[in-house]
Amino acid sequence: MPEPTKKEETEVLAPAPAPPREEPNKEKQAGTSPAKEWSVGESPSGEDQDKQTANNQLSTLFVEKPQGGTVKVGGNITFIAKVKAEDLLRKPTIKWFKGKWMDLASKAGKHLQLKETFERHSRVYTFEMQIIQAKENYAGNYRCEVTYKDKFDSCSFDLEVHESTGTTPNIDIRSAFKRSGEGQEDAGELDFSGLLKRREVKQQEEEPEIDVWELLKNAKPSEYEKIAFQYGITDLRGMLKRLKRMRRVEKKSAAFAKILDPAYQVDKGGRVRFAVELADPKLEVKWYKNGQEIRPSTKYIFEHKGCERIMFINNCVLTDDSEYYVTAGDEKCSTELFVREPPVIVTKQLEDTKAYCGDRVELECEVSEDDAHVKWFKNGEEIIPSPRSRHYIKVEGKKHILVIEEATKADTAEYSVMTTGGQSSAKLTIDLKPLKILTPLTDQTVNLGKEICLKCEISENLSGKWTKNGLPIQETDRLKIVHRGRIHKVVIANALVEDEGDYVFAPDAYSVTLPAKVHVIDPPKIILDGLDADNTVTVIAGNKLRLEIPISGEPPPKAIWSRADKAIMEGGSRIRTENYPDSTTLVIDVAEKDDSGVYHINLKNEAGEAHAAITIKVVDVPDPPVAPNVTHVGDEWCIMNWDPPLYDGGSPILGYFIERKKKQSSRWMRLNFDLCKETTFEPKNMIEGVAYEVRIFAVNAIGLSKPSMPSKPFVPLAVTSPPTLLAVDSVTDTTVTMKWRPPDQIGAAGLDGYVLEYCFEGTDNWIVANTELIEKTKFTITGLPTDARIFVRVKAVNAAGASEPKYYSQPILVKEIVEAPKIRIPRHLKQTYIRRVGEAINLVIPFQGKPRPEVTWKKDGAPIDKNQINIRNSETDTIIFIRKAERSHSGKYDLQVKVEKYMETASIDIQVVDRPGPPQVVKIDDVWGENVALSWTPPKDDGNTAITGYTIQKADKKSMEWFTVIEHYHRTSATITELVVGNEYYFRVFAENMCGLSEDATMTKESAVIAKDGKIYKNPVYEDFNFTEAPMFTQPLVNTYAIAGYNATLNCSVRGNPKPKITWMKNKVVIVDDPRYRMFSNQGVCTLEIRKPSPYDGGTYSCKAVNDLGAMEIECKLEVKVVAQ
């Protein structure tokens, strides 16, 4: 079939109708192995048939459908499909299939090319599928599908391939152009039959139809640049250098039976195959790239087939474009690999644009590759931007934008963009901007002699003409015409009556006018020459005011007086106005303080209005001041201050008089005979400890105010003496704790608290350690640098102030003192700690030591498994926590606390108990009369605690209902009595410990029959046992450490019969009726509780038990420690 004719429109060679970057990704996701692919012509699944049937019912898109055809082996054939694009907003999606499943977009290459064009005038998309050098297995059914949103259309056609009469020539695979975008050796094939049948030998393919190197070899040097732009060549100079090396004459090789081709070409992202054939297969072959040896990897794959040595390069990139050679023995052969970028197509077309003169215009398009080479044209001439040009090109990835600054009408043209794979064009139209009136002229009414300013603003910088009453305006010394950019003004100085009229401004080139009217008037005036500069009139309260103000204006204006937006009427009573042609008068009879304020005069006539404000000030004696405040007191003096009165009477305050009296007296005494100009005063010569009150009088030019309210009572007081016995309590790496004793002399003011200050050695900057007063005689200074030396002082503060400081005699080194560790085992942990299975274990073990000790736990000599037992450590204690105790948690726990070289250890025994198992064997030893003798062996599992007893039950064989006959039995044999004669019994035994009865019981295997006749059993006679004994302590007292302020208890247990009398002693002194102690005794357990002990409660405590048979005494030591705050 003949080759298709080349159309006038620019054709875009596309590897697939879908976006060029998506199809390779789909192939990678689907995998490269052909093992799961179908043979040609196999029917699709039922789901695919239903989908196709549903799609066929949608609207039709094809204008021309591809038709079936026939081609000979080795021939070419083209199938064409056309789609009308009148109703489509974007390009439709088209797919070509072989059979009903194989998408041919992934097979585009040497034997298959897919093209698409768009005819702009007819708005028809043309899609072509061209099969090159057809083979027999290309025959079959093909299908074309086109999709746009919800529209779908498809068409099927057949291809027949007949055998050629000629012979098939041998093809050298080394010179073939292998396009392998999917990473397969067989890219470009239309089916996988060659891959499924491994026994067949693949035919080598011929060279591609388009070979850039052949074009460059046969082209003229002047055409090199055009070919480079058309096929996307970026390094033309390097390719021409390689072209020269390709033309060398190759010599015959003894090592190679077949050498590499002079050059290979592959698309970016494709796969290339290098192959040589050795004369001796035993020779070692090495591959090199630019002189560096290539090692096998996922990118470089080596294969051996007999004498043939093959290297594949996957996913080719531009850096793979270089020289390669292979060595065999002492010989080598080389080749060149050229990686070609795919054609750049225009994915987003230029759009027609309209703009106005002066605008910034951007023409934008998008191409298929980032930073691609694109050329712009204006009316067919290439646009070459220069540094001073209004045109420049902006590239943002795939976007290419032509920017035109301050467009003019000369920029109206057809602009186009061209790439290596397509072009686009659009029209740009530049029009004159519509004129907008931003600020129109406004009518003006101007006072006589004032300036007239007519101003307007339009949207463009244009000149214009001014007219008055239809006549052009000429500039004079008094009239100026101003044009600045878009603003036009007419300014007339000293307005006259003849300046009144109609003014019009007309912009050039536009039929628009801006009119305005000017009116000149003579407004009224208020003459205030007889008043002060600030227009203030002063009057004493109680006097009469008559204020006359001259006015002018023609016609005579009407005067209106107002105050606080309220008009003053002419016929008023106390405040009224009187109006005359040349004056207006305000009259106030008997002025009051509230009459002070601003009075407004408004004059109005036909020419305008006038306004003036007059301040009338009514002066009087000031208001009394607010009660004074006493801020500081001494032994015979105080400092007081006050605020000026809210109302000064309209006259400035000249000063104040101060008076004082004793609180319980009514006689006031003046303290100053000269006015006090300030608002502070210091009364003196007062008696310490006596309460006083003070008050204030304010004085102005009018007179003396009433007295203020008395101040709060105050007592003159003196500061205390300095604190005593300042000493260091403790020191760490960052803190220092100081303690001291109260002052020797406190005085009547008492003591409010202390202030602790410190400074570093070598400085005089004293820093306050406590922001608020502290009442305690102990404080910790924090945030100190390690190894620093500080001086410390403390002051006592009361209402009279701070005392003289008490200094520590020498500098203090900030460094922690090592304190040996001590473990404080709680009393209840000094004996075995028992818990049941499933209960939580939470033990807190306090300890001491500085710096922070290192804590280590072990169980039975081995490290503790932290997955089963949680250990939490702090600076003062360690916690061992088990959420649900198990019997495996039982054992001896060893605690080790270490501070540097000092170490202390302690041990805790934990016993986790559970209910026991049943006895092992229960048997009947003897049966006589109404009695049965039973015996049993203890259970194997005692629940990790001692067996405390057994429970025995019986059951009649007839009913098998169990009844308890003996509970809490301690022995392993028992006699069951009072059984019913003639019945047959079974027995079972439960084991019991501190957790309760065992879950199961052991039953006798045989039954016991109570016979009717039997011998008489006589109960043995036992002598009474003597239970009396002297007192004996079964649990002694232990030495105890207590924390000051927290209750402490001492415990012991005693046994004796008769019940002994318990006596508690401290330091051999009997404790009797002391509310700080409480004594308990329950079931032989004796307890002494000490309420909130202090260090004085430490000592030796004794417990004495006495009965008729004797006495016994035990003792322990109690130490009470104070925890630093």
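These notes cover the structure that comes with them.

Criteria and cut-off values
- Residues numbered from 1 in each chain as written.
- Predicted model: local features only at pLDDT ≥ 70, side-chain atom pairs only at ≥ 80, totals over all residues.
- Heavy atoms only, no water.
- Helix = DSSP H or I, 4+ residues; strand = E, 2+ residues; numbered from the N terminus.
- Buried < 20%, exposed > 50% of the residue type's maximum accessible area, 1.4 Å probe, protein only.
- Contact = heavy atoms within 4.5 Å.
- Areas by Shrake-Rupley, 256 points an atom, 1.4 Å probe, with all protein chains shown as cover.
- Core = buried A, V, L, I, M, F, W, Y, C linked by side-chain atoms within 4.5 Å.
- Phe/Tyr/Trp six-rings, centres within 6.5 Å; stacked < 30°, edge-to-face > 60°.
- Pairing = 2+ DSSP bridges.
- Salt bridge = Lys/Arg side-chain N within 4 Å of Asp/Glu carboxyl O.
- Polar contact = N/O pair within 3.5 Å; in protein donor to acceptor, adjacent residues only side chain to side chain.
- Patch = residues over 30% accessible without salt bridge, like charges linked within 9 Å, V, L, I, M, F, W, Y side chains within 5 Å.

**Let's talk about the overall build of the protein**
Phase 1 of the analysis: Of the regular secondary structure elements, the protein holds six helices and 88 strands.
Phase 2 of the analysis: Evaluated residue by residue, the protein yields a buried proportion of 40% over its 1125 residues.
Phase 3 of the analysis: Taking contacts inside the protein between residues at least 6 apart in sequence as the whole, the part at least 24 apart equals 64%.
Phase 4 of the analysis: As presented, the protein carries roughly 64,400 Å² of accessible surface, and 49% of it is formed by carbon and sulfur atoms.

**So, the nonpolar core**
Phase 1 of the analysis: Ranked by internal contacts, the top residues of the largest apolar core, which has 29 residues, are Phe79, Val83, Trp96, Met129, Ile131, Tyr142 and Leu159.
Phase 2 of the analysis: Elements with a contribution of two residues or more to this core: strand E4 (77–84), strand E5 (93–98), strand E7 (112–119), strand E8 (124–131), strand E9 (140–148) and strand E10 (151–162).
Phase 3 of the analysis: In this structure Phe79 touches Pro66, Gln67, Gly68, Gly69, Trp96, Phe127, Glu128, Met129, Ile131, Phe157 and Leu159, once residues within four positions along its chain are discounted.
Phase 4 of the analysis: Judged by nonpolar contacts, the second largest core, of 23 residues, contains Ile551, Ala612, Ile614 and Val618.

**So, the packing of aromatic side chains**
Phase 1 of the analysis: Throughout the structure, instances matching the rule amount to 19 aromatic pairs.
Phase 2 of the analysis: With a centroid separation of 4.5 Å and 40° between ring planes, the pair formed by Phe118 and Tyr125 is classed as tilted.
Phase 3 of the analysis: Given a relative accessible area of 24%, Phe118 falls into the partly exposed group.
Phase 4 of the analysis: Their ring planes at 55° and their centres at 4.7 Å tell us that Tyr264 and Phe274 sit as a pair that is tilted. Here Tyr264 is found in strand E12 (residues 263–267), whereas its partner Phe274 is found in strand E13 (residues 272–278), with ten residues between them in sequence.
Phase 5 of the analysis: By relative accessible area, Phe274 is classed as buried at 0%.

**Examining the sheet that holds strand E36 (residues 501–507)**
The pairing of strands in a sheet comes from backbone hydrogen bonds and takes either a parallel or an antiparallel form.
Phase 1 of the analysis: Read across the open sheet, the five strands follow the order E30-E37-E36-E32-E33; overall the sheet is mixed. Across the chains shown, the open sheet's two edge strands, defined by having one partner strand only, are strand E30 (444–447) and strand E33 (471–472).
Phase 2 of the analysis: Across five bridges, strand E32 (residues 464–468) lies against E36 in antiparallel orientation. Along E36, the bridge assignment pairs Gly464 with Pro507.

**With respect to unusual backbone geometry**
Phase 1 of the analysis: Pro851 follows Lys850 through a cis peptide bond whose omega is -10°.
Phase 2 of the analysis: A cis amide bond, omega 5°, links Asn1057 with the succeeding residue Pro1058.
Phase 3 of the analysis: As for its placement among the helices and strands, Pro1058 is situated in the loop between strand E82 (1048–1057) and strand E83 (1061–1066).
Phase 4 of the analysis: A positive phi is found at Met960, a non-glycine position, where the angle reads about 55°.
Phase 5 of the analysis: With respect to the helices and strands, Met960 occurs in the loop between strand E73 (949–956) and strand E74 (962–969).
Phase 6 of the analysis: Judged by its relative accessible area of 35%, Met960 is partly exposed.
Phase 7 of the analysis: The backbone phi angle of Glu978 is positive, close to 55°, even though this residue is not glycine.

**Some thoughts on the sheet that holds strand E50 (residues 669–670)**
Phase 1 of the analysis: One open sheet holds the three strands; their spatial order is E50-E49-E52, and the pairing between them is antiparallel. In the strand order of this sheet, the two ends are held by E50 and strand E52 (692–700), each with one partner.
Phase 2 of the analysis: Two strands pair when backbone bridges link them, and strand E49 (residues 653–662) and E50 are joined in this way by two bridges, in the antiparallel orientation. If you follow Arg660 over to E50, its bridge partner there is Met669.

**Overview of the pattern of salt bridges**
Phase 1 of the analysis: On inspection of all chains with the given rule, the structure shows 40 salt bridges.
Phase 2 of the analysis: The partner of Arg360 in a salt bridge is Glu362, with the nearest N and O atoms 2.3 Å apart.
Phase 3 of the analysis: For Arg360, a relative accessible area of 41% translates into the label partly exposed.
Phase 4 of the analysis: For Glu362, a relative accessible area of 33% gives the class partly exposed.
Phase 5 of the analysis: Linking Glu659 and Arg670 is a salt bridge whose minimum nitrogen-to-oxygen distance equals 3.7 Å. Here Arg670 lies in strand E50 and Glu659 lies in strand E49, a separation of eleven residues in the sequence.
Phase 6 of the analysis: Where salt bridges share partners, they join Arg360, Glu362, Lys394, Glu396 and Glu405 into one cluster.

**Considering the pairing of strand E44 (residues 583–588)**
Phase 1 of the analysis: Counting buried positions over the six residues of E44 gives six, a clear majority of the element.
Phase 2 of the analysis: Here E44 shows a buried face lined by Ser583, Thr585 and Val587 and a second buried face lined by Thr584, Leu586 and Ile588.
Phase 3 of the analysis: For strand E40 (residues 545–552) and E44, the ladder comprises six bridges, and the chain directions are antiparallel. When the sheet's bridge partners are listed, Glu548 is paired in E44 with Thr585.
Phase 4 of the analysis: Summarising the sheet, strand E43 (residues 575–580) and E44 pair through six bridges and their orientation is antiparallel.

**Observations concerning the side chain of Ser890**
Phase 1 of the analysis: Inspection of the secondary structure puts Ser890 in the loop between strand E68 (877–882) and strand E69 (891–899).
Phase 2 of the analysis: Look at Ser890 and you get buried, because its relative accessible area is 16%.
Phase 3 of the analysis: Residues within four places of Ser890 in sequence aside, it is in contact with Lys859, Asp860, Ile910, Gln911, Val912 and Asn944.

**Considering the environment of His488**
Phase 1 of the analysis: In this structure, His488 sits in strand E35 (residues 487–492).
Phase 2 of the analysis: Along the chain, His488 and Leu462 lie 26 residues apart, while their C-alpha atoms are 9.5 Å from each other.
Phase 3 of the analysis: When near neighbours in sequence (up to four residues on either side) are disregarded, His488 contacts Leu454, Lys455, Cys456, Ile458, Leu462, Ser463, Gly464, Trp466, Val482, His483 and Phe505.
Phase 4 of the analysis: A distance of 2.8 Å separates a polar side-chain atom of His488 from the backbone oxygen of Leu462.

**Focus on the side chain of Asn770**
Phase 1 of the analysis: The residue Asn770 is located in the loop between strand E56 (767–768) and strand E57 (778–781) in this model.
Phase 2 of the analysis: According to the relative accessible area criterion, Asn770 is buried, its value standing at 5%.
Phase 3 of the analysis: Engagement of the side chain of Asn770 in a polar contact is seen with the backbone oxygen of Tyr754, the distance being 3.0 Å.
Phase 4 of the analysis: In this structure the side chain of Asn770 is engaged in a polar contact, spanning 2.9 Å, whose partner is the backbone nitrogen of Leu756.

**A closer look at a nonpolar patch on the surface**
Phase 1 of the analysis: On the surface, Ile1043, Tyr1046 and Val1123 cluster together into a nonpolar patch covering about 310 Å² of accessible area.
Phase 2 of the analysis: Note that Tyr1046 resides in the loop between strand E81 (1040–1043) and E82.

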